[in-house]
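# Structural features, examined
Residues per chain are reported as follows:
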Amino acid sequence: MTDLPGDPSSALPESGEPQAASPELARALEALGGQLVWRIGKDEASDDVVVRLGFASATPRFAHLPRLRSAGDAELQAALAEKRVVIEWVD
């Protein structure tokens, strides 16, 4: 398990406004997104929100991981605000 590195706001330009991705980056991200699967939910043992992410080839391995409870939009937003989000890469 890993948390997101750094402060995401530090990646913003000085104006604090996000900038649009270049067309090349947008195409690359779109292609990558088509190869990924993910599951989002709350951890059974804590109130952390877990984002499991992996390539489509890893889909069967998701079934062997502990179950995640469903989480509504308000719970997801609260977890983000409280920095209780954990990213797990599934190989």
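Rules used throughout
Residues numbered from 1 in each chain as written. Predicted model: local features only at pLDDT ≥ 70, side-chain atom pairs only at ≥ 80, totals over all residues. Heavy atoms only, no water. Phe/Tyr/Trp six-rings, centres within 6.5 Å; stacked < 30°, edge-to-face > 60°. Helix = DSSP H or I, 4+ residues; strand = E, 2+ residues; numbered from the N terminus. Buried < 20%, exposed > 50% of the residue type's maximum accessible area, 1.4 Å probe, protein only. pLDDT = per-residue confidence, 0-100. Contact = heavy atoms within 4.5 Å. Patch = residues over 30% accessible without salt bridge, like charges linked within 9 Å, V, L, I, M, F, W, Y side chains within 5 Å. Areas by Shrake-Rupley, 256 points an atom, 1.4 Å probe, with all protein chains shown as cover. Salt bridge = Lys/Arg side-chain N within 4 Å of Asp/Glu carboxyl O. Pairing = 2+ DSSP bridges. Axes fitted to C-alpha atoms, helices over the stretch in contact; angles between N-to-C directions. Polar contact = N/O pair within 3.5 Å; in protein donor to acceptor, adjacent residues only side chain to side chain.

## Quick word on the packing of aromatic side chains
Tallied over the full model, the rule gives 1 aromatic pair. On the numbers, 5.2 Å between centres and 85 degrees between planes, the contact of Phe55 with Trp89 is edge-to-face. Remark: Trp89 occurs in strand β4 (residues 85-90) and Phe55 occurs in strand β2 (residues 49-55); sequence separation between them is 34 residues. Taking relative accessible area as the criterion, Phe55 reaches 36% and is therefore assigned partly exposed.

## Section: the confidence of the model for the chain
Residues of the chain with pLDDT of at least 70 account for 82%, and the chain-wide mean is 84. Low pLDDT (under 50) marks residues 1-5, which in the prediction has 8 contacts with non-local residues, meaning those over four places away or in another chain.

## Quick notes on a nonpolar patch on the surface
A grouping of Leu25, Leu29, Leu32, Phe55 and Trp89 is seen on the molecular surface, where their side chains present a nonpolar patch of about 460 Å² in accessible area. Relative to the helices and strands, Leu25 resides in helix α1 (residues 23-33). The class for Leu25 is partly exposed, based on a relative accessible area of 42%.

## Examining the sheet that holds β2
Judged by pairing direction, the sheet is mixed, and its 4 strands sit side by side in the order β3-β1-β2-β4 without closing on themselves. At either end of the open sheet lies a strand with only one pairing partner, and these are β3 (68-69) and β4. Relative to the sheet, helix α3 (residues 73-81) contacts β1 (36-43), β2 and β4, its axis offset from that of β2 by approximately 95 degrees.

## Looking at the pairing of β4
Within β4, 5 of the 6 residues are buried, leaving the element largely enclosed by the surrounding structure. When β2 meets β4, the two strands line up parallel, connected through 6 bridges. From the neighbouring strand, Val50 faces β4, where its bridge partner is Val86.

## Notes on the side chain of Arg52
Within the secondary structure, Arg52 is located in strand β2. Of the residues examined, Arg52 reaches a relative accessible area of 6% and is grouped as buried. At 2.7 Å, the side chain of Arg52 forms a polar contact with the backbone oxygen of Pro66. A distance of 2.7 Å separates the side chain of Arg52 from the side chain of Glu88, its partner in a polar contact. Once you skip the residues sitting within four places of it in the chain, Arg52 turns out to touch Val37, Trp38, Arg39, Phe62, Leu65, Pro66, Leu68, Glu88 and Val90.

## Observations concerning the pattern of salt bridges
A full pass over the atoms with the stated rule returns 5 salt bridges. The salt bridge involving Lys42 is made with Glu75; its shortest N-O contact spans 3.4 Å. A residue pair is termed long-range when its members are at least 10 positions apart, and Lys42 in strand β1 and Glu75 in helix α3 qualify at 33 residues. In the salt-bridge network here, residues are joined through shared partners; they are Lys42, Asp47, Arg69 and Glu75.

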